[in-house]
Amino acid sequence: MPPPPADKKRTGPRPCPVCYLPVEEAKKLYPPSGVFPSLIVQNLTYVREDTSTAATSPGSAFGGHPTLEDRKRSHKIEESMHLYCGFARGIKPGVGSGFDIDESDLYDMEKCHGIVVISAIFGNYDPLQQPKHISEHSKKNVCFFMFVDEETQAAIIKRGGSYSRTKKVGLWRVVTVHNIPYLDPRRTGKIPKLLSHRLFPNARFSLWIDGKLELVVDPYQILERFLWRTHDTFAISKHYKRFDVFTEAEANKAARKYNNASIDAQVNFYRKEGLVPYTTAKLPIVSDVPEGCVIVREHTPLTNLFTCLWFNEVDRFTSRDQISFGIVRDKIMAQVPWRINMFLDCQRRNFVVQVTFDLE
């Protein structure tokens, strides 16, 4: 079914109907552990760099400095793998690595089991929005974590978002991040977006939503519809208009989303690795370009590997993660029978909405 006609007042399709189960039914379908066993990959460990080590290849102090040989090795799937995945310095994620988090916050994050909803606002780009239509069961059993920097925290307080001793604003447990590792807030936002398994080591499922969006459907209903019902471990909406990485790159350049020379360098690198324009010959893969503002996933060794490798591309090249998504996915799918549920973007717009606010 094609997306509905576009609304002239905003880009993209209008929301389309999604068949959700009632929350009471959806929560009963929470799968027991081991229903979808990991494919090949069973154990991941992560590289830590010595702070005295001089950088000899592109990267960052936060993401590390993997060589091209390190990158090539990390794309070869094995049962046990040792790879770069952010937090390259410090004793553990959130401690001495850049993207530093208070011990009380880390303690609460480690207590989060089951399902976690994650969002982030850096650089005071967006207002904090409260989830709506959340069941009492989810309010009690699902974790809601919002990551902010000190600038955004000050703005939230100024706009009347008072913190209690539990650091909660409405449903959100707000975590203020210190020693932000990147100057670009969009690149910093990729840390909680792609490395949720490192920040929440005991969570099994996560739902990422961009800070500009408001969640309006219960997490259990979303997980049941886009993961459990289809027996998937990773779901993301495809871009409503573009399916091809090369077209996406040109659109990013036209919109001045990033330095054009850097986008060209990244795309040319991928072209030399064998990336070709998307055609229907890739079916059942429906697109090489995700919308990217929502990710629904189970934390399995394989999905953790995927987002580690995806993050490494964002750290090495541009922060435009739509450009790097396809190359990483294809390298994994060439080795294991795994798929990503790329659902319609009009379905994504059914459970998150973008509300425009004046931040002044």
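Residues numbered from 1 in each chain as written. Predicted model: local features only at pLDDT ≥ 70, side-chain atom pairs only at ≥ 80, totals over all residues. Heavy atoms only, no water.

Per an unreviewed UniProt entry, the protein chain goes by the name TOD1/MUCI70 glycosyltransferase-like domain-containing protein and belongs to Selaginella moellendorffii.

Draft legend 1. Just the state of the cysteines, in detail. In the structure shown here, the tally under the stated rule is 3 disulfides. Put simply, C16 and C346 are joined by a disulfide, and their sulfur atoms are 2.2 Å apart. Between C16 and C346, the disulfide has an S-S torsion of 75° and is therefore right-handed. Of this pair, C16 sits in the segment before helix 1 (23-28) while C346 sits in helix 13 (residues 345-351), and the two are 330 residues apart along the sequence. The same class applies to C16 as to C346, namely buried. Two residues, C112 and C143, share a disulfide whose sulfurs are 2.2 Å apart. Taking the sign of the S-S torsion, 125° for the link of C112 and C143, the bridge is right-handed. (Disulfide = S-S within 2.5 Å. Helix = DSSP H or I, 4+ residues; strand = E, 2+ residues; numbered from the N terminus. Buried < 20%, exposed > 50% of the residue type's maximum accessible area, 1.4 Å probe, protein only.)

Draft legend 2. Quick look at the sheet that holds strand 9 (residues 234-237). Spatial strand order, 5-6-4-3-7-10-9-11: 8 strands in an open sheet with mixed pairing. Both outer strands of the open sheet, strand 5 (168-169) and strand 11 (341-343), are each paired with one neighbouring strand and no more. Judged from the 2 bridges that link them, strand 5 and strand 6 (residues 172-176) form a sheet pairing that is antiparallel. Pairing of V169 across the sheet is with W172, part of strand 6. (Pairing = 2+ DSSP bridges.)

Draft legend 3. Spatial organisation of the layout of surface pockets. Considering only enclosed or pocket space, the largest pocket measures out at about 1200 Å³ in volume. Forming the boundary of the largest pocket are 39 residues, of which D210, K212, K257, E291 and C293 lie nearest the centre. Put simply, the parts of the chain that give the lining of the largest pocket at least two residues each are strand 3 (114-121), helix 6 (185-194), helix 9 (245-254), helix 12 (321-333), helix 13 and strand 12 (352-354). Per element, the largest residue contribution to the lining of the largest pocket is 5 residues, and it comes from helix 6. By residue class, the composition of the lining of the largest pocket is 14 nonpolar, 10 polar and 15 charged. By volume, the second largest pocket is sized at about 300 Å³. The wall of the second largest pocket is formed by 15 residues, among which D108, C143, F145, K168 and R173 lie closest to the centre. (1 Å grid on protein atoms, 1.4 Å probe; cavity = no way out; pocket = protein on both sides within 12 Å on 5 of 7 lines; lining within 4 Å. Points joined across faces, edges and corners; volume = space filled by probe spheres on them. Nonpolar A, V, L, I, M, F, W, Y, C, P; charged D, E, K, R; others polar.)

Draft legend 4. The pattern of salt bridges, seen in detail. According to the stated counting rule, one finds 27 salt bridges in the structure shown. The closest approach of N and O atoms between E110 and K92, which form a salt bridge, is 3.3 Å. Here K92 lies in the loop between strand 2 (80-83) and helix 3 (103-110) and E110 lies in helix 3, a separation of 18 residues in the sequence. Residue E110 is classed as partly exposed on the basis of its relative accessible area, which comes to 33%. In this structure K92 comes out as partly exposed when scored by relative accessible area, which is 29%. The salt bridge involving D105 is made with K167; its shortest N-O contact spans 3.2 Å. On the criterion of sequence distance, the pair formed by D105 in helix 3 and K167 in the loop between helix 5 (150-158) and strand 5 is long-range, its members being 62 residues apart. Look at D105 and you get buried, because its relative accessible area is 1%. The class for K167 is partly exposed, based on a relative accessible area of 24%. Several salt bridges share partner residues, and in doing so they unite D102, D105, D108, K111, K167 and R173 into one network. (Salt bridge = Lys/Arg side-chain N within 4 Å of Asp/Glu carboxyl O.)

Draft legend 5. Seen up close, helix 6. Among the 10 residues of helix 6, 8 are classified as buried, and the element is accordingly described as predominantly covered. For helix 6, the complete set of buried residues consists of R187, T188, G189, K190, I191, P192, K193 and L194. Where helix 6 begins, the side chain of D184 points an oxygen toward the backbone nitrogen of R186, at a separation of 3.0 Å. (Polar contact = N/O pair within 3.5 Å; in protein donor to acceptor, adjacent residues only side chain to side chain.)

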